[in-house]
Amino acid sequence: MDNRWSVYGKTFESRFLIGSSLYPSPQVMRDAVQASGAEIITVSLRRQSPERGGGDTIWDFIKQMDCTLLPNTAGCHSVKEALTLAQMSREIFQTHWIKLEVIGDEYNLQPDPIGTLEAARQLIKQGFEVFPYCTDDLVLCQRLRDAGCQVLMPWGAPIGTGRGLINPYALQTIRERLPDVSLIVDAGLGKPSHAVQAMELGFDAVLLNTAVAQAADPVLMATAFAEAISAGRKSFLAGAMPQRQTAKPSTPTLGTPFWHQEGVDAS
Amino acid sequence: MMTLSVNGEEKILALNSVIADALQQWGYQCEEIAVAVNNEFIPRSHYQQHQLAADDRVDIVAPMQGG
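So, here's what we can say about the structure. Predicted, not measured: the structure shown is a model, and the values here were computed from it.

What counts as what
Residues numbered from 1 in each chain as written. Chains lettered and ligands numbered in written order. Predicted model: local features only at pLDDT ≥ 70, side-chain atom pairs only at ≥ 80, totals over all residues. Heavy atoms only, no water. 1 Å grid on protein atoms, 1.4 Å probe; cavity = no way out; pocket = protein on both sides within 12 Å on 5 of 7 lines; lining within 4 Å. Points joined across faces, edges and corners; volume = space filled by probe spheres on them. Helix = DSSP H or I, 4+ residues; strand = E, 2+ residues; numbered from the N terminus. Nonpolar A, V, L, I, M, F, W, Y, C, P; charged D, E, K, R; others polar. Contact = heavy atoms within 4.5 Å. Buried area = accessible area lost by both parts, 1.4 Å probe. Salt bridge = Lys/Arg side-chain N within 4 Å of Asp/Glu carboxyl O. Polar contact = N/O pair within 3.5 Å; in protein donor to acceptor, adjacent residues only side chain to side chain.

## Some remarks on the layout of surface pockets
The computed volume of the largest pocket comes to approximately 460 Å³. Together, 26 residues line the largest pocket, and A:Ala74, A:Glu101, A:Leu109, A:Ile159 and B:Gly67 are the ones closest to its centre. Contributing elements (two or more residues each) for the lining of the largest pocket: strand S4 (40–47), strand S12 (205–208) and helix H8 (210–213) of chain A. A class-by-class count of the residues in the lining of the largest pocket yields eleven nonpolar, eleven polar and four charged.

Below, the structure written as structure tokens:
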């Protein structure tokens, strides 16, 4: 079975994109990423004091891993902030890829749909290849696709909640209406069963961070998610049976002993 | 001398300093940083030409973990 998938001209074996934040230590982060099999890892930029030498221990570990970098614009609350941070990311990380985050609400970190669309349009004009983190609104996803995004990343649930897919119907509709766009569920997953569900909807990949990093055993959980993503993909390709309202026996009824023999003592 | 903001903290800098001067004075030696002035990205190739002004808001960032 060919499990490869492509985004912006790059082909990958793993359908697991992983974040590099919130791990108990850089060593655990490295081991978890290796256990996940992920080929794409998210990174960010933050203000740096000269005392830190311009570097960061986790960044040193990330550099040593053979992963494709996906820089994000996490923490940006305006189009302007996101554009500027994307430009800074491109210079440092030497990639046109950007995970676009324009947050619209501080309470649930919900992406600003209008700001995200405007920023995506401007970034694409500047030569970026945009991975927009967005809500599960079909029309917004269509507009982002029309703007030139070849991949869309609707949320499963608000970032860090671990609630799983709060609106599977909306995600399924996006998959059905946008069959030619790469779709990644980003944010809100807590358990491997959530990843199975996302992949069974036909999503191309899953991006998560907290569910692995904050697990009691991040390395084991990374393995569990990798296996779940693989199982969910296989399930999608295999095609699940249709649901029924009524029971139907799986064992043949023909030849069942004692059938229609009321009054016979079968004990 | 002039006062400006660097990553939210007040700093003193000689008049007519360019970004390259400021980074050296403030102790930034690593290649892996990027700079924005007043929310505008300044490419590395402009560090020797871009003059800073009083009250400028300078952001200096470096790679970090992210989700």
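## So, empty space enclosed by the protein
All names here are of chain B. This model, assessed by the stated rule, comprises one cavity of 30 Å³ or more. In this structure, the largest cavity occupies an estimated 40 Å³ of space. Along its surface, the largest cavity is lined by Ile19, Ala22, Leu23, Trp26, Val35, Val37, Leu52, Val58 and Ile60. Elements supplying a minimum of two residues to the lining of the largest cavity: helix H1 (19–26), strand S3 (34–37) and strand S5 (57–65). The biggest single contributor to the lining of the largest cavity is H1, with four residues.

## Examining the interface of chain A and chain B
Each side of the interface is counted separately: chain A has 30 residues, and chain B has 26 residues. In this assembly, chain A packs against chain B so that about 2500 Å² is buried in total across both faces, 56% of it on carbon and sulfur atoms. Taken as a group, A:Arg47, A:Met88 and A:Glu91 account for 26% of the area that chain A buries against chain B, more than any other trio of residues on that side. Joining chain A to chain B, the criterion identifies three salt bridges. At the surface where chain A touches chain B, the tally comes to 17 residue pairs in polar contact (both at pLDDT 80 or more). Every element with two or more residues in the side of chain A that touches chain B is listed here: S4, helix H2 (57–64) and helix H3 (79–93) of chain A.

That is the geometry; function is a separate question.
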